[in-house]
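Spelled out from the first residue to the last, the chains are:
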Amino acid sequence: MRRFIYIIPFILLVLNCKEQPVTPTGLVSEQAMVVSAREEASKIGVEIMKKGGNAFDAMVATELSLAVAYPFAGNLGGGGFMVYRTARGEVGALDYREKAPLASHKDMYLDSLGQVIPKMSTSGATASGVPGTVAGVMAVHEKFGSLPLSEIMAPIIALAKHGVVVTNKQAERLERTRKQFIKVNGETTKFAQVFKAGDTITYPELAHTLEIIMAEGKDGFYKGLVAETLAAFIQERGGLITVEDLAKYDAKWRDPIVFDYKALKIISMSPPSSGGMTINQIFKMMEPYNLAEYGHNSAQTVQVFTEASRRAYADRNYYLGDPDFVDIPYDMLLNDTYLKERMSDFSFEKATLSSDVSHGDVAIYESMETTHYSIVDQDGNAVSATTTLNGGYGSKLYIDDLGFFMNNEMDDFSSKPGVPNMFGLIGAEANSIAPEKRMLSSMTPTIVEKDGKLFMVVGTPGGSTIITAVAQTIINVYEFNLSMQDAVNAPRFHHQWLPDQIIFEPNGFSSGLIDTLKTKGYLINEERTPIIGKVDAIKVLTDGALEGGADKRGDDTAVGF
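What you are looking at is a predicted structure, and each value in this text was computed from that prediction instead of being measured.

What counts, and at which threshold
Residues numbered from 1 in each chain as written. Predicted model: local features only at pLDDT ≥ 70, side-chain atom pairs only at ≥ 80, totals over all residues. Heavy atoms only, no water. Helix = DSSP H or I, 4+ residues; strand = E, 2+ residues; numbered from the N terminus. Rg over C-alpha atoms; globule rule 2.2 N^0.38 Å. Areas by Shrake-Rupley, 256 points an atom, 1.4 Å probe, with all protein chains shown as cover. Lys, Arg positive; Asp, Glu negative; His and termini not counted. Charge placed at Lys NZ, Arg CZ, Asp CG, Glu CD. Pairing = 2+ DSSP bridges. Contact = heavy atoms within 4.5 Å. Axes fitted to C-alpha atoms, helices over the stretch in contact; angles between N-to-C directions. Expected span 1.5 Å × (residues − 1). Buried < 20%, exposed > 50% of the residue type's maximum accessible area, 1.4 Å probe, protein only. Core = buried A, V, L, I, M, F, W, Y, C linked by side-chain atoms within 4.5 Å. UniProt positions renumbered as here; feature names shortened; annotations may be inferred. Bend = angle between axes of the 7 residues up to and from the residue. Phe/Tyr/Trp six-rings, centres within 6.5 Å; stacked < 30°, edge-to-face > 60°. Lys NZ or Arg CZ within 6 Å of the ring centre and 35° of its normal.

Engineer: Requested: an account of the overall build of the protein chain, with residues and values cited.
Structural biologist: When helices and strands are tallied, the protein chain shows 18 helices and 21 strands. Here the C-alpha atoms of the protein chain give a radius of gyration of 23 Å, agreeing with the 24 Å that 2.2 N^0.38 yields for 561 residues. Each principal axis of the C-alpha atoms in the protein chain carries an extent, and together these give about 85 × 60 × 40 Å. With an accessible surface of roughly 20,800 Å², the protein chain has 52% of that area assigned to carbon and sulfur atoms. If the 52 positive side-chain charges of the protein chain are averaged to one point and the 69 negative ones to another, these points end up 4 Å apart.

Dropping the structure here:
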């Protein structure tokens, strides 16, 4: 009897392990924080909040600062998504995704034989959709901003004029892409120059563009001199964007995808982002399994996650698109009975082959070169935003007179149903091209509540790996009790239905684990093992302080006060 009594506290300790506070390993701040891809952008966002601005003012500041400090993915010529939660618990989402120009059509990237024309949707002016970023930040400022636009934008314009110091990682990217810049733009373009680590790059033309936007708001970009310069530049190079396309563009407020996973409430982006829908399906299919008991990145955890992802991505690729153009069967795709049936043939003994998993009966990589930032202000307002040009430096088309790159988001449409895009994602009719339609995305800006309170703000770049990287980061904190920084740094893996293979980050997983999975029939990609995402996240600690998770895979930096 006495022995049994001794055992009880041990059992209770094990059961409560997940609830024990973990020691933070990332930057801890008492009041407010920004975590983004560049220190310069995080600092400007935090300075705006120190001046009395809120998280939404800081969102405008951080987004536009990334256009200066991180032109690889930060942008004026691209678009994105934002999910927010106010201090009062109100949630919402903003879609500032690019749109197809009015002159675009379903077969615009096919030759006379119906075959996809190589690079037409990925490089140069023909690849660009109508940008949404400026409309997005102006919509946020109009609805939630507390500081004057001039006060928010002044330090960004100063940054563009004074310049940004090139990091080692940035120097490598610029050198790797330099020949493409010259091929698309010619030898006189700004980025035909060689920039080395430690050099300072100034952006006087971008500063002037930002000054016009500061003075005129949204119209400063979508009408007048900037719009006319942009449209003429694109059309001279064979693209379709017109001044009419720009004048008609509006960002769109949408309802986020909201669902429960065990004790968490997860708020994520709705279509035309596939992020919220797909992560919802993945979590719901995993919910019956005790991941904490299986262990972090154990064979069983990898199996459950992989099989849920396989089925969710199959549905993603077939059913999802711009909800303004296609009817998405939300109720069925997110139905508990349907998702239970989807996992009914899963066994720990043997892998399910993707050839045996179609989309469900209901009656692709996207680019890695996106960027994400997370913000929490001193009042508890939270912003999770992901923005992109699609490929690194977008279409590689740089408008020297305006100081920014244009996107190549048209490749995120399905140029031809069943044919993979440049990153391997298979598309369907739901994501076919149409005038003013928004292309499907994997961006997954996400906010997590626990016990009715703000718990995490999380997101990442990484194309089709965004969804799995965000899901694994949340699981790392909730199921495996990792600190925010450790959860972000932890090695990640990915499966997206097709191609039927698991990708593991280099040096993060044992050969024993990989061999175990092989014996069960899992196909492992051992040749191409890139980093998966660059997660930027914030966790609210039990005492109300904030822990930042700035991904070690990039130049990402948490700044707070």
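Engineer: Give me the sheet that holds strand β1 (residues 28–29): which residues, what numbers.
Structural biologist: Spatial strand order, β1-β20-β19-β15-β14-β9-β8: seven strands in an open sheet with antiparallel pairing. Pairing within the sheet leaves two strands with one partner each, and these edge strands are β1 and β8 (257–261). Running at roughly 15 degrees to β8, helix α11 (residues 275–286) makes contact with β8 and β9 (264–268) of the sheet. Along the sheet, helix α16 (residues 465–478) contacts β8, β9, β14 (446–450), β15 (453–458) and β19 (536–540); its crossing angle with β15, the most-contacted strand, is approximately 135 degrees.

Engineer: Lay out helix α2 (residues 39–50) in plain terms, naming residues and giving numbers.
Structural biologist: The end-to-end C-alpha distance of α2 is 16 Å, a good match for the 16 Å that 12 residues give at a rise of 1.5 Å each. Among the residues of α2, A41, S42, I44, G45, V46, I48 and M49 are the ones counted as buried. Just past α2, the residue G52 takes up positive phi, approximately 105 degrees.

Engineer: So what's going on with the nonpolar core? Which residues, and what values?
Structural biologist: Residues L264, I282, F283, M286, L291, I474 and F504 are the most contacted members of the largest nonpolar core, which totals 84 residues. The contacts of F283, once residues within four sequence positions are left out, are F259, Y261, I266, A471, I474 and I475.

Engineer: I'd like to hear about the UniProt feature "binding site: L-glutamate" (unreviewed entry) in the protein chain, residue by residue, with values.
Structural biologist: The feature "binding site: L-glutamate" (unreviewed entry), as annotated in UniProt, sits at R97, T388, L389, N390, D412, S441, S442 and G463 in this numbering. Inspection of the secondary structure puts T388 in strand β11 (residues 382–388). Mapping S441 onto the fold places it in the loop between β13 (404–405) and β14.

Engineer: How would you summarise helix α6 (residues 168–185) if you had to cite specific residues and measurements?
Structural biologist: For α6, which comprises 18 residues, the first-to-last C-alpha distance of 24 Å matches the rise-based estimate of 26 Å (1.5 Å per residue) to within 8%. Where α6 bends most, at T177, the angle is about 50 degrees. Turning to α6, its buried residues number three or more, namely Q170, A171, R173, L174, T177 and F181. Its buried side turned inward, α6 meets α3 (55–69), β5 (164–165), β6 (200–201) and β13. Phi turns positive, to about 100 degrees, at G186, one or two residues after α6.

Engineer: Can you lay out the packing of aromatic side chains for me, pointing to particular residues and giving the numbers?
Structural biologist: Summed over the entire model, instances satisfying the criterion amount to 31 aromatic pairs. Relative to Y398, the ring of F191 lies with its centre 5.2 Å away and its plane at 85 degrees, an arrangement referred to as edge-to-face. Like F191, the residue Y398 is buried in the burial classification. Taking the centre distance of 6.1 Å and the plane angle of 40 degrees together, the rings of F259 and F283 count as tilted. Of the two residues, F259 sits in strand β8 while F283 sits in helix α11, which places them 24 residues apart along the sequence. Accessibility assignment for this pair places F259 and F283 in one class, buried. Grouped by ring-pair contacts, the aromatic residues Y70, F72, F181, F191, F195, Y203, Y393, Y398 and F405 constitute a single cluster. One Lys or Arg, K218, reaches over the ring of Y222 and ends 5.6 Å from the middle of that ring. The lysine or arginine in question, R237, covers the ring of F233, its NZ or CZ lying 3.7 Å from the ring centre.

Engineer: Can you explain the environment of F195? Please cite residues and give values.
Structural biologist: By the element assignment, F195 lies in the loop between α6 and β6. F195 gets classed as buried once you look at its relative accessible area, which sits at 12%. The spatial distance from the C-alpha of F195 to the C-alpha of L339 is 51 Å, given a sequence separation of 144 residues. In this view, F195 contacts V166, A171, L174, K190 and I201; residues no more than four positions away in its chain are not counted.

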